[in-house]
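Listed here are the chains, written in short residue letters.
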Amino acid sequence: MAKCDEGYRCDVCGQDVDNITHSDLYLRYVIGEVDPELLHILSERHIRCNPILAQFIIDDSFPPIVVEDDFAKATLDPTFVQQRESLVSRGWRRLFELAQMQEVAIQDYPLPEVRQRLFQKANDDS
């Protein structure tokens, strides 16, 4: 079976990532951590299967994840943690917005400041 016929499988748990609202790959894209040119070749996983990132989602509808190793947010600089929580939480909410929208161009998925950076980079490269 062709890869496109299989859907997107989580490279951690092996289950299907069946919705953009569960997608670690698209969350990282929306917050500017995935280059749009690489989006189609990178591995997918569920957000909850990437606890290092998921611990920064602060929302009543997202059960908190606690990491207990060197990358636990409790061990990190409080200012960094606050900034990271803001960015990742906004990105996570953006995934829900995208799930409700129809016919959104992939380049319009990221948060506004990420889109601006990508636009600026494209102009600088030309």
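The structure this text deals with has already been given above.
Structure report, in brief. As the structure is a prediction and not an experimental result, all values here were calculated from the model.

Side note on unusual backbone geometry
Step number 1: Residues other than glycine seldom take positive phi values, yet Glu103 does so here, at roughly 55°.
Step number 2: With respect to the element layout, Glu103 can be found in the loop between α4 (78-100) and α5 (112-125).
Step number 3: Under the relative-accessibility criterion, Glu103 is labelled exposed at 84%.

Brief notes about a nonpolar patch on the surface
Step number 1: Together, Leu38, Ile41 and Leu42 make up an exposed nonpolar region whose accessible area comes to about 260 Å².
Step number 2: Considering the arrangement of structural elements, one finds Ile41 in the loop between α2 (24-30) and α3 (51-54).

Quick look at the nonpolar core
Step number 1: Membership of the largest hydrophobic core comes to 26 residues, with the highest contact counts inside it found for Leu27 and Ile47.
Step number 2: Elements supplying a minimum of two residues to this core: α2, α3 and α4.
Step number 3: Setting aside residues up to four positions removed in sequence, Ile47 forms contacts with Thr21, His22, Ser23, Asp24, Leu27, Ala54, Ile57, Phe62, Trp92 and Leu95.

Focus on the packing of aromatic side chains
Step number 1: One pass over the full model with this rule turns up five aromatic pairs.
Step number 2: On the numbers, 6.5 Å between centres and 90° between planes, the contact of Tyr26 with Tyr29 is edge-to-face. Taken as a pair, Tyr26 and Tyr29 lie in helix α2 at a separation of three residues, close to a single helical turn. For the residue pair Tyr26 and Tyr29, the accessibility class agrees, reading buried in each case.

Some points on the environment of Asp77
Step number 1: Mapping Asp77 onto the fold places it in the loop between α3 and α4.
Step number 2: Using a relative accessible area of 45% as the deciding quantity, one classes Asp77 as partly exposed.
Step number 3: In this structure, the C-alpha to C-alpha distance between Asp77 and Pro110, residues 33 residues apart in sequence, is 26 Å.
Step number 4: Within polar-contact distance, the side chain of Asp77 engages the backbone nitrogen of Phe80 at 3.0 Å.

Cut-off values and rules
Residues numbered from 1 in each chain as written. Predicted model: local features only at pLDDT ≥ 70, side-chain atom pairs only at ≥ 80, totals over all residues. Heavy atoms only, no water. Helix = DSSP H or I, 4+ residues; strand = E, 2+ residues; numbered from the N terminus. Buried < 20%, exposed > 50% of the residue type's maximum accessible area, 1.4 Å probe, protein only. Patch = residues over 30% accessible without salt bridge, like charges linked within 9 Å, V, L, I, M, F, W, Y side chains within 5 Å. Areas by Shrake-Rupley, 256 points an atom, 1.4 Å probe, with all protein chains shown as cover. Salt bridge = Lys/Arg side-chain N within 4 Å of Asp/Glu carboxyl O. Core = buried A, V, L, I, M, F, W, Y, C linked by side-chain atoms within 4.5 Å. Contact = heavy atoms within 4.5 Å. Phe/Tyr/Trp six-rings, centres within 6.5 Å; stacked < 30°, edge-to-face > 60°. Polar contact = N/O pair within 3.5 Å; in protein donor to acceptor, adjacent residues only side chain to side chain.

Nothing here speaks to function; it is geometry throughout.
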